[in-house]
Every structure is written in structure tokens, then in C-alpha cells.
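Read off the chains here:
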Amino acid sequence: MESSRSNSSNSERFNEFMEDSCCNQFYMGPNPWMARYVYGLIFLLTNLLAWGIRDYGQSVLTEMGRLKGCEGGRFCLGTEGVLRISLGCFIFYFVMFLSTAGAKKLNERRDSWHSGWWSAKIVMWIALLVLPFFVPSEFIDLYGEIAHFGAGIFLLVQLISVISFIKWLNDCCLSEKNAERCRIHVMLVSSAAYVICFVGIILMYIWYAPQPSCLTNIFFITWTLVLLQLMTCVSIHPKVNGGFLTPGLMGLYVVFICWCAIRSEPPTENCNKKAEAAARADWLTIISFIVALIAIVIATFSTGIDSKSFQFRKDETEAEDDVPYGYAFFHFVFATGAMYFAMLLISWNAHHTMRKWTIDVGWTSTWVRIVNEWLAVCVYIWMLVAPLIWKSRWTMEHI
């Protein structure tokens, strides 16, 4: 009797595990949680295809007569290939954005289209990747210019998502429920963040500003240090009372962006010794490229499911049949992400010659990241002081 009971309990646990498993959820029918991973996989495959076209597709693209007239020779052919793949990916996710806009409840048609119909969508994805190769080069050049703005929108959305998460984490730790329990954790994390920031800044001085003549890198690094101090002063101001956690985490973010910006400088620069070493070490270049490519997909995926940070009106109650995340926003982020990965692969310049296994290298890429760093600080400070400004205006209007 005991053995039969144990066998039945084990079988029940196995059945429960299979019901909750990812594979079972995928085969049981439309599932929005599984769908987002499939869209992420499609986006990753598109990135890999664009990279393959850029680095190894020149011989294939040269056979296409319509691509021979582009400026820049065979390197331009790789650039056009990236833009054409990006265009097909953008159209795919933009169609999904339009077709899922307004989806609010599970089991409605737009939810079923978002979470199912994979055979039809894969056929559509493949067709949209092939179709741009029959489009004239003039149209691709126009798309390349538009992609600059789309990639900028993606960076802005990603920036707001990161800052919103940092602010949410700080509010959660400082809430009445968790204040006492998280006090030591907040102090440790804040201290570690500032230590890492200062160590990173010192290392950047050593690696990227070894000579007094490296004025550009010295300016980038020093200004990052100034911005870190500015964020801290604003956050700990008595009227703001934001603490040290958020400026510490934001400091990690801006130091990382500064490091990426300097790493994007051309390897021919005398002040960028690390880039010269990376250019000589093929294995390091390949690893850096793979990590950067995966980071693009993860950043796009994590930003796409964070639609609540962009809601102007917060709903206090959520029904069980509400969609778990904004489908339209999810696809919009991936559509702009398609433009963003194209800009990274061509270094924001359609006529820029790219070495194999490199990504986001060039002065244009450097300045894009630096401006993104400065914009991040401005948005963060605005999110700190905006409640005080609106509160003072509301008070003045009601006096």
C-alpha cells in the first residue's frame, strides 16, 4: 500500500512538473510567456544573419548587379546587406506592433496572433528578410538615414527602462515594509557600487589616458567623474532625499557607457592601447563580439517586456485575464532594436569600412555613446527633481 501511494504521489509530481514545463506550455497552445522567448530567438538569428552578410557575404552580394553601384566598393556591399536584413526585421516587428496594438485581454484574437500562428509568422519573417534584397539601393540609403533616428529612440527607451528599474529598486528597499530589513544590504550595495565606479575610472585613466596629449579621453573620463558627483549631490539633497543607492547604480551605468565609448574609438588611436591589443588578439576580438551581440539581444528583450515603466496612468488593479505585458510595446522595442543593431554593425556610418568580428567601432559610435551617457544623467536628475517642480507649481496655483 505504501509503495503504491508513493508511486501515485511521484506520478502526480511528475504530471505537475510537466504541466509547468516550458516545452509543455509551448505545445499546449498560445502562451505569451513562451512567445517572448521565440521572438527573442528570431531577433538573435536575424542579428547573426546580418553579421554573416557583413563579414562573409561580399562574394554572394557581388553577384547581384543592383548592389554594384553603391559607394565604397565591396565593403559597402556588406553594409547594404546589413541594412537590408535590418529593414526586413524592422518590417516584421512593425507589422506585429500594428497587429497587436490595443491587446489587453488573454484569449482574444490579437493575443492568439501574438502567442501563436508560428508557422505563418516564420514564413512571413523569411519572406520579409528576402524581399529587401530586391529593393533599389536608393531606398536602402533612405532607410539607413531613418535608422539613425530609430536607433536613437531605442537608446532612449532603454535608458528610461534602466533608470525606472533603479528607481523602483530604491523605492522598494526604502519602503516601510523593507526599510529595516534592507538597510545593511543597501549600504553594502551602495558602497560596492561607488568603489567599482572609482576603480573603473582609475583604470580608464591608466589604460586610455597614458599621456597628457590624450585630451579627448581625459575629458571623457573626468567629465564622467564630475557627473557621478553631480548625481550624488542631487540625490542626497534634503529636498530630494534619494539616498546613495540610485546614484551609485547610475554611476555604474554611466562609467560602463564611458568605457564602451572609449573602446569604440578606432584602434589606430595612440591613446587606445587596449583596442590595439584587441586588434592583434583574434580570440579576444571574437569573444568581445559574441558578448556584444548577446548583450544587444538581452537588452532588447529586457526593455521590451518593461512596458509598465512607460504607462502614463498606472492601474491599481489587474484582472487575471489581462495580458502579462504590453504586446505592442514589446514589438515596437524590437522594431527599433532592428535599426539599432544595424547601426552597431555599420558603426552608425553607411560608408564606414568594418573589420571582421568588430562591432560599433569608429568616432561616430564613440560620440553616440558619450551623448547617451550625458542624456542618461540628465534624465536621471530630471526624474529626481521633477516631483519637486510639479509639487511647487501645484502649490503656487492653489495659493
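How each quantity is defined
- Residues numbered from 1 in each chain as written.
- Predicted model: local features only at pLDDT ≥ 70, side-chain atom pairs only at ≥ 80, totals over all residues.
- Heavy atoms only, no water.
- Helix = DSSP H or I, 4+ residues; strand = E, 2+ residues; numbered from the N terminus.
- Buried < 20%, exposed > 50% of the residue type's maximum accessible area, 1.4 Å probe, protein only.
- Contact = heavy atoms within 4.5 Å.
- Areas by Shrake-Rupley, 256 points an atom, 1.4 Å probe, with all protein chains shown as cover.
- Phe/Tyr/Trp six-rings, centres within 6.5 Å; stacked < 30°, edge-to-face > 60°.
- Lys NZ or Arg CZ within 6 Å of the ring centre and 35° of its normal.
- Core = buried A, V, L, I, M, F, W, Y, C linked by side-chain atoms within 4.5 Å.
- 1 Å grid on protein atoms, 1.4 Å probe; cavity = no way out; pocket = protein on both sides within 12 Å on 5 of 7 lines; lining within 4 Å.
- Points joined across faces, edges and corners; volume = space filled by probe spheres on them.
- Nonpolar A, V, L, I, M, F, W, Y, C, P; charged D, E, K, R; others polar.
- Expected span 1.5 Å × (residues − 1).
- Arc of directions from axis to C-beta.
- Axes fitted to C-alpha atoms, helices over the stretch in contact; angles between N-to-C directions.
- Parallel < 35°, antiparallel > 145°, perpendicular 65-115°, else oblique.
- Left-handed = near helix turned anticlockwise from the far one by under 90°.
- Salt bridge = Lys/Arg side-chain N within 4 Å of Asp/Glu carboxyl O.
- pLDDT = per-residue confidence, 0-100.

## Some details on the overall build of the protein
Point 1. Along the backbone of the protein there are 15 helices and zero strands.
Point 2. Taking all 399 residues of the protein together, 44% fall into the buried category.
Point 3. Across the protein, contacts joining residues at least 24 apart in sequence account for 75% of those joining residues at least 6 apart.
Point 4. For the protein, the computed accessible surface area is about 22000 Å², with 68% contributed by carbon and sulfur atoms.

## Some remarks on the packing of aromatic side chains
Point 1. Going through the model one piece at a time under the given rule, you end up with 27 aromatic pairs.
Point 2. Taking the centre distance of 6.2 Å and the plane angle of 80° together, the rings of Phe219 and Trp374 count as edge-to-face. Taken together, the residues span a long stretch of sequence, with Phe219 in helix α10 (residues 215-235) and Trp374 in helix α15 (residues 363-397) at a distance of 155 residues.
Point 3. Pairwise contacts between aromatic rings join Trp33, Tyr39, Phe43, Phe92, Tyr93, Trp118, Tyr325, Tyr327, Phe330, Phe334 and Phe341 into one cluster.
Point 4. Across the ring face of Trp113, the terminal group of Lys121 is positioned such that the distance to the ring centre comes to 5.4 Å.
Point 5. Directly above the aromatic system of Trp118 lies the positively charged group of Lys121, at a separation of 3.8 Å from the ring centroid.

## Here we look at the nonpolar core
Point 1. If you look at the biggest cluster of nonpolar residues, it comprises 53 residues, and the most contacted ones within it are Tyr39, Phe43, Phe92, Tyr93, Ile296, Tyr340 and Phe341.
Point 2. Elements that contribute at least two residues to this core include exactly α3 (32-56), α5 (73-100), α7 (118-130), α8 (137-174), α13 (282-304) and α14 (327-345).
Point 3. Looking at this core, the element that brings in the most residues is α14, giving 14 residues.
Point 4. If near-sequence neighbours (up to four positions away) are discounted, Phe92 is found in contact with Tyr39, Ile42, Lys121, Met124, Trp125 and Leu128.
Point 5. Residues Met231, Tyr253, Val379 and Tyr380 belong to the second largest nonpolar core, which totals 35 residues.

## Digging into empty space enclosed by the protein
Point 1. Following the criterion strictly, the structure yields one cavity of 30 Å³ or more and no others.
Point 2. In this structure, the largest cavity spans a volume of roughly 40 Å³.
Point 3. Every residue lining the largest cavity is listed: Ile163, Ile166, Lys167, Thr246, Tyr380, Met383 and Leu384.
Point 4. Those elements giving two or more residues to the lining of the largest cavity turn out to be α8 and α15.
Point 5. Tallied by class, residues from the lining of the largest cavity come to five nonpolar, one polar and one charged.

## Considerations on α10
Point 1. Here α10 is 21 residues long and its end C-alpha atoms lie 30 Å apart, about the 30 Å a rise of 1.5 Å per residue gives.
Point 2. Among all positions of α10, only Asn217, Phe220, Ile221, Thr224, Leu227, Leu228, Met231, Thr232, Val234 and Ser235 are buried. The buried residues of α10 occupy one face: seen down the axis, they fall within an arc of 170°. In α10, those exposed residues whose orientation departs by more than 90 degrees from the buried face are Leu215 and Cys233.

## Some details on the packing of α8 against helix α11 (residues 245-263)
Point 1. Viewed as axis vectors pointing N to C, α8 and α11 meet at an angle of 150°, and their least axial separation amounts to 9 Å. The angle between α8 and α11 places the two elements in the roughly antiparallel class. Here α8 runs over α11; the crossing is right-handed. Residues Leu159, Val162, Ile163, Ile166, Lys167, Leu169, Asn170 and Cys173 of α8 lie in contact with α11, whose contacting residues are Leu245, Thr246, Leu249, Met250 and Tyr253.
Point 2. Grouping the amino acids of the contact of α8 with α11 by side-chain chemistry returns ten nonpolar, two polar and one charged.

## Let's talk about the pattern of salt bridges
Point 1. As enumerated under the stated definition, the model contains three salt bridges in all.
Point 2. Across the pair Arg84 and Glu80 runs a salt bridge, and its minimum N-O distance is 3.1 Å. Here Arg84 pairs with Glu80, and both are found in helix α5, just four residues apart, close to one helical turn. Each member of the pair Arg84 and Glu80 is classed as buried.
Point 3. Between Arg110 and Glu108 there is a salt bridge, with its nearest N and O atoms 3.2 Å apart.

## Describing the confidence of the model for the protein
Point 1. Scored by pLDDT, the protein has a mean of 78; 74% of the residues are at 70 or more.
Point 2. Every residue in residues 65-69 scores below 50 in pLDDT, and together they form eleven contacts with partners more than four places removed in sequence or on other chains.

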